[in-house]
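# A look at the structure
So the chains spell out like this:
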Amino acid sequence: MTVIPHTPFTATVPGIPRIGPRRELKRAIEGYWAGRLTADELHAVAGGLRADQLRALHAAGLDSVPIGTFSYYDQMLDTAVLLGALPPRVAGIANPLDRYFAAARGADGIEPLEMTKWFDTNYHYLVPEIGADTAFTLHPEKVLGELREARELGIPARPAIIGPVTFLKLAKGIDSAAPLARLTELLPLYRELLGQLAAAGAQWVQIDEPVLVTDLTDEEIVLVRNTYADLASAPTRPALLVATYFGRPGPALEVLAGTDIEGIALDFVSGTTVSDVTSIPALANKLLVAGVVDGRNVWRTDLDDALATLGTLQGASGSLAVSSSSSLLHVPYSLEPEAELDPALRSWLAFGAEKVREVQLLARALREGTEAITDELTAARTAARSRRDDPRLHVGTVRARLAALGPDAEHRAPAEERRALQRDRLQLPLLPTTTIGSYPQTTAIRKARAALRAGEITEAQYREQMRAEIADVVALQEKLRLDVLVHGEPERNDMVQYFAEQLDGFAATANGWVQSYGTRCVRPPILFGDVVRREPMTVEWISYAQSLTDKPVKGMLTGPVTILAWSFVRDDQPLADSARQVALAIRDETVDLQTAGIRIVQVDEPALRELLPLRAEAKPDYLNWSVAAFRLSTSGVSDATQIHTHLCYSEFGEVIGAITALDADVTSIEAARSHMEVLDDLNSAGFDLGVGPGVYDIHSPRVPSVEEISAALRSALKAVPAERLWVNPDCGLKTRGPVEVEESLRNMVAAAHSVR
């Protein structure tokens with residue numbers, strides 16, 4: 001065995017964002033999809049973004065810079081390409097780039113891969129499919145090309161790849177195949193890849209194994225040990241850094257320490273403790289990469305606390321490097337564009353560039369002593385005092401209202417009683433058709449919003465334009481003969497940000513974009529204080545839509561768990577406390593909608609699954625408070641008002657009981673990509689409420705046929721009686737085009753009428 005000569009590094013991050021500081025990559029990819037850019041032009045934009053970021057990170061003081069984390073869509077999909085594991089249905093597409101995007105988005109006659117949450121983050125990954133006919137082959141061109149680019153720039157680059165255990169554990173077995181059983185077939189490919197990276201000049205390779213922070217069986221722990229004993233024995237290889245994040249690796253840490261790998265990266269923000277390290281003597285011979293700067297949230301690091309942790313770790317490891325806890329993919333690029341933020345709040349924050357600066361400062365303090373960063377320590381302490389003493393973090397009226405709530409605040413009458421009242425009131429047909437909420441955010445809508453921000457139109461002019469958009473959406477739904485309508489949400493920039501902008505305790509950013517999936521980017525609001533609803537947030541828009549039709553129009557709200565999951569949240573109080581504050585605001589809104597004559601209120605909780613803790617021991621507490629928060633937000637209305645909720649983007653098996661416990665009258669749920677699998681899980685949990693499994697996938701540009709949707713409905717009817725079954729797409733329609741939406745919904749309604 002030959003290990004390439006290497007030196008320990010001192011400052012790094014596990015991964016970096018790739019969308020571009022102004023979403024340049026998003027626009028370039030969408031330009032390619034639309035035919036406005038050639039593949040060469042897309043590659044040129046991507047190459048420029050990579051080069052700029054590598055230079056910036058090196059200039060900021062990182063002496064090891066990750067490469068390979070760049071992606072046109074998703075790093076798990078990239079790994080499937082690397083290992084020759086794309087699904088057979090895309091094999092006939094000759095162009096590699098188009099084949100890649102077909103696996104991600106679908107194409108004519110080709111279904112995309114399933115998509116679900118990346119651990120407990122708001123990032124979505126594409127789920128590889130591993131079947132008996134999957135023949136693994138190595139295709140390292142991407143990572144070798146990015147390594148070559150970095151070396152030509154003089155950057156100390158560290159290739160980062162997803163490890164074989166995580167890749168197979170997160171993959172989906174096809175035809176009863178067990179992906180992890182194929183592990184021994186992957187190891188020769190990883191060994192070959194290590195040899196090629198060594199030949200290309202890599203001193204270190206980072207192998208990401210975040211699955212190690214989840215509950216693994218004893219047999220899986222043995223597979224981890226065998227995997228890294230095998231890879232460490234590769235004939236020629238760089239030094240190996242195995243990276244875990246999002247929690248504690250538990251018994252896997254000692255197993256890794258017992259192999260001949262050279263380094264381990266750990267997340268000290270999300271659970272790993274100093275004692276986890278000091279109790280394992282074998283770590284004294286490893287490079288320990290300590291993630292003490294939060295890679296997932298936006299709060300400034302307590303430098304004193306981080307230095308105390310690092311000081312203890314120095315004596316327990318062979319060498320020590322400072323890092324963020326996870327990839328900076330999960331935070332915005334920089335605070336620099338956020339000049340409009342409240343100055344006090346801004347002083348409490350650190351985005352990506354600021355976190356890199358914190359990593360560099362901490363590494364410098366380890367080398368030169370704390371006197372080298374005296375001014376920075378003083379500034380951090382001043383910001384911490386300012387945040388602790390700010391009155392917006394402790395609003396007595398909200399806390400008193402929550403304390404005064406009795407046990408009945410989270411309960412309604414039994415479902416059967418509610419169902420009878422709602423049936424009489426709504427008079428809906430069998431298999432009622434509806435949509436999830438949003439309709440396409442057209443160029444005209446975006447231009448109006450931009451014009452309002454720029455002061456080019458008045459608030460009154462903007463509201464009139466949005467009313468016209470609502471009227472058009474209502475008219476379209478009437479024409480298509482949908483049974484339960486929505487107002488289309490033209491006034492909403494985002495289903496979380498819209499509400500956050502109207503609630504005290506939240507702040508919105510101007511350019512705080514992060515990637516959710518593919519080219520889908522969001523600007524998570526920042527929850528910094530106690531939550532107060534100043535006034536009704538949706539009543540005017542929903543009431544106007546209801547005035548245009550005799551059919552019921554759903555009031556559309558976002559639930560407390562999702563508002564938290566898709567925000568950067570407080571780290572100074574339990575998440576459950578913040579959830580109850582948000583739930584109280586949503587509860588007040590549901591009551592106001594009911595008072596305005598709205599008969600159906602939908603409170604969306606697509607993020608219910610994603611916040612589920614990664615370890616079994618912590619899951620019951622989370623499910624208890626998350627369900628309680630939803631029920632608090634929806635139990636203020638009468639039993640005749642029908643409560644809907646919506647869930648998507650997740651594997652739901654672990655939260656099926658919680659979905660039942662939400663006690664929503666109707667639950668619409670993503671099911672198209674997973675072919676209605678969730679319905680059997682619901683039945684097993686005793687679910688007997690209304691359900692609308694998505695009958696077509698809105699994340700693909702395909703227009704489903706009447707026959708395809710009819711088949712999906714007939715499949716659903718095998719699991720759900722017609723009296724409880726609703727007909728709807730998988731998710732909201734804001735990212736789709738108007739023509740495509742109209743054609744798809746026309747086919748959906750026709751299918752529902754046919755099956756009726």
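These figures come from a predicted structure and were not determined experimentally.

## Digging into the sheet that holds strand S6 (residues 157-162)
- Spatial strand order, S2-S6-S8-S10-S11-S12-S13: seven strands in an open sheet with parallel pairing. The open sheet terminates on both sides in strands that have one partner only, identified here as strand S2 (65-67) and strand S13 (319-324). Ignoring strand direction, the axes of neighbouring strands in this sheet form an average angle of 30 degrees.
- Each of strand S12 (287-293) and S13 is contacted by helix H11 (residues 303-314), which is oriented at about 170 degrees to S12, the strand it contacts most.

## Side note on the nonpolar core
- Membership of the largest hydrophobic core comes to 122 residues, with the highest contact counts inside it found for Trp118, Phe167, Val292, Leu345, Leu349 and Leu362.
- One finds Leu632, Leu647, Ile656 and Val755 within the second-largest nonpolar core, a separate group that totals 103 residues.

## Considerations on the packing of aromatic side chains
- The final tally for this structure, using the stated rule, is 14 aromatic pairs.
- For the pair tryptophan 33 and tyrosine 73, a centre-to-centre distance of 6.4 Å together with 40 degrees between the ring planes defines the contact as tilted. Within this pair, whereas tryptophan 33 is found in helix H1 (residues 24-33), its partner tyrosine 73 is found in the loop between S2 and helix H3 (75-82), the two being separated by 40 residues in sequence.
- Residue tyrosine 73 is classed as buried on the basis of its relative accessible area, which comes to 5%.
- Between tryptophan 118 and phenylalanine 119 the ring centres are 4.9 Å apart and the planes differ by 85 degrees, which places this aromatic pair in the edge-to-face class.
- Given a relative accessible area of 8%, tryptophan 118 falls into the buried group.
- Classification of phenylalanine 119 by relative accessible area gives buried; the value is 8%.
- The rings of Tyr32, Trp33, Phe70, Tyr72, Tyr73, Tyr100 and Phe101 are connected pair by pair, giving a single aromatic cluster.
- One Lys or Arg, arginine 50, reaches over the ring of phenylalanine 70 and ends 4.7 Å from the middle of that ring.

## Comments concerning the pairing of strand S17 (residues 526-533)
- For S17, the buried fraction is high: seven of the eight residues fall into the buried class.
- With four bridges joining them, strand S14 (residues 503-507) and S17 adopt antiparallel strand pairing. Its bridge partner lying in S17, leucine 503 is registered against arginine 533.

## Focus on the sheet that holds strand S20 (residues 642-647)
- Reading across the sheet, the five strands line up as S18-S19-S20-S21-S22 and stay open at both edges, with parallel pairing between neighbours. The open sheet is flanked by strand S18 (554-558) and strand S22 (690-693), the only strands paired with a single partner. Geometrically, the sheet is characterised by an average inter-axis angle of 20 degrees between neighbouring strands, direction not taken into account.
- Where strand S21 (residues 666-669) and S22 come together, four bridges link them in parallel fashion. Bridge pairing in S22 places serine 668 opposite glycine 692.

## Re helix H26 (residues 706-717)
- In this model H26 runs 16 Å from its N-terminal to its C-terminal C-alpha over twelve residues, within 8% of the 16 Å that 1.5 Å per residue would give.
- Taken together, the buried positions of H26 are occupied by Ile709, Ser710, Ala712, Leu713 and Ala716. Along the axis of H26, the buried residues cluster in a sector spanning 160 degrees; they form a single face.

## Some thoughts on the packing of H3 against helix H4 (residues 96-105)
- Here H3 crosses H4 at 130 degrees, and the two axes come no closer than 11 Å. On the basis of the axis angle, H3 is oblique to H4. Taken as a pair, H3 and H4 cross one another with a handedness that is right-handed. Where H3 approaches H4, its residues Leu77, Asp78 and Val81 are matched on the opposing element by Tyr100, Ala103 and Ala104.
- Looking at side-chain class alone, the contact of H3 with H4 contains five nonpolar, no polar and one charged residues.

## Considerations on the pairing of strand S15 (residues 514-517)
- Inspection of the sheet shows S15 paired to strand S16 (residues 520-522) by three bridges, in the antiparallel sense. Across the sheet, residue glutamine 515 finds its bridge partner in S16, namely cysteine 521.
- The antiparallel hairpin formed by S15 and S16 contains two residues in its connecting segment, where glycine 518 sits at a positive phi of about 50 degrees.

## Here's the deal with the UniProt feature "binding site: Zn(2+)" (unreviewed entry) in the protein chain
- Following the UniProt record, the feature "binding site: Zn(2+)" (unreviewed entry) maps to His646, Cys648, Glu670 and Cys731 here. The named residues occupy 86 residues along the chain; their greatest pairwise C-alpha distance, 8.3 Å, places them in one compact cluster.
- Within the element layout of this structure, histidine 646 appears in strand S20.
- Looking at histidine 646, the relative accessible area reads 3%, which means it is buried.
- When sequence neighbours within four positions are dropped, the list of residues in contact with histidine 646 reads Ile436, Gln602, Val603, Asp604, Glu605, Pro606, Ser668, Ile669, Asp730 and Cys731.
- Cysteine 731 gets classed as buried once you look at its relative accessible area, which sits at 11%.

## Let's talk about the pattern of salt bridges
- Enumeration according to the criterion identifies 46 salt bridges in this entry.
- The partner of aspartate 276 in a salt bridge is arginine 248, and the shortest N-O contact between them spans 2.4 Å. Placement of aspartate 276 in helix H10 (residues 274-278) and of arginine 248 in the loop between strand S10 (239-243) and helix H9 (251-257) is noted, with a sequence separation of 28 residues between them.
- Under the relative-accessibility criterion, arginine 248 is labelled partly exposed at 38%.
- Across the pair arginine 736 and glutamate 740 runs a salt bridge whose closest N-O atoms are separated by 2.4 Å.

Thresholds applied
- Residues numbered from 1 in each chain as written.
- Predicted model: local features only at pLDDT ≥ 70, side-chain atom pairs only at ≥ 80, totals over all residues.
- Heavy atoms only, no water.
- Pairing = 2+ DSSP bridges.
- Helix = DSSP H or I, 4+ residues; strand = E, 2+ residues; numbered from the N terminus.
- Axes fitted to C-alpha atoms, helices over the stretch in contact; angles between N-to-C directions.
- Contact = heavy atoms within 4.5 Å.
- Core = buried A, V, L, I, M, F, W, Y, C linked by side-chain atoms within 4.5 Å.
- Buried < 20%, exposed > 50% of the residue type's maximum accessible area, 1.4 Å probe, protein only.
- Phe/Tyr/Trp six-rings, centres within 6.5 Å; stacked < 30°, edge-to-face > 60°.
- Lys NZ or Arg CZ within 6 Å of the ring centre and 35° of its normal.
- Expected span 1.5 Å × (residues − 1).
- Arc of directions from axis to C-beta.
- Parallel < 35°, antiparallel > 145°, perpendicular 65-115°, else oblique.
- Left-handed = near helix turned anticlockwise from the far one by under 90°.
- Nonpolar A, V, L, I, M, F, W, Y, C, P; charged D, E, K, R; others polar.
- UniProt positions renumbered as here; feature names shortened; annotations may be inferred.
- Salt bridge = Lys/Arg side-chain N within 4 Å of Asp/Glu carboxyl O.

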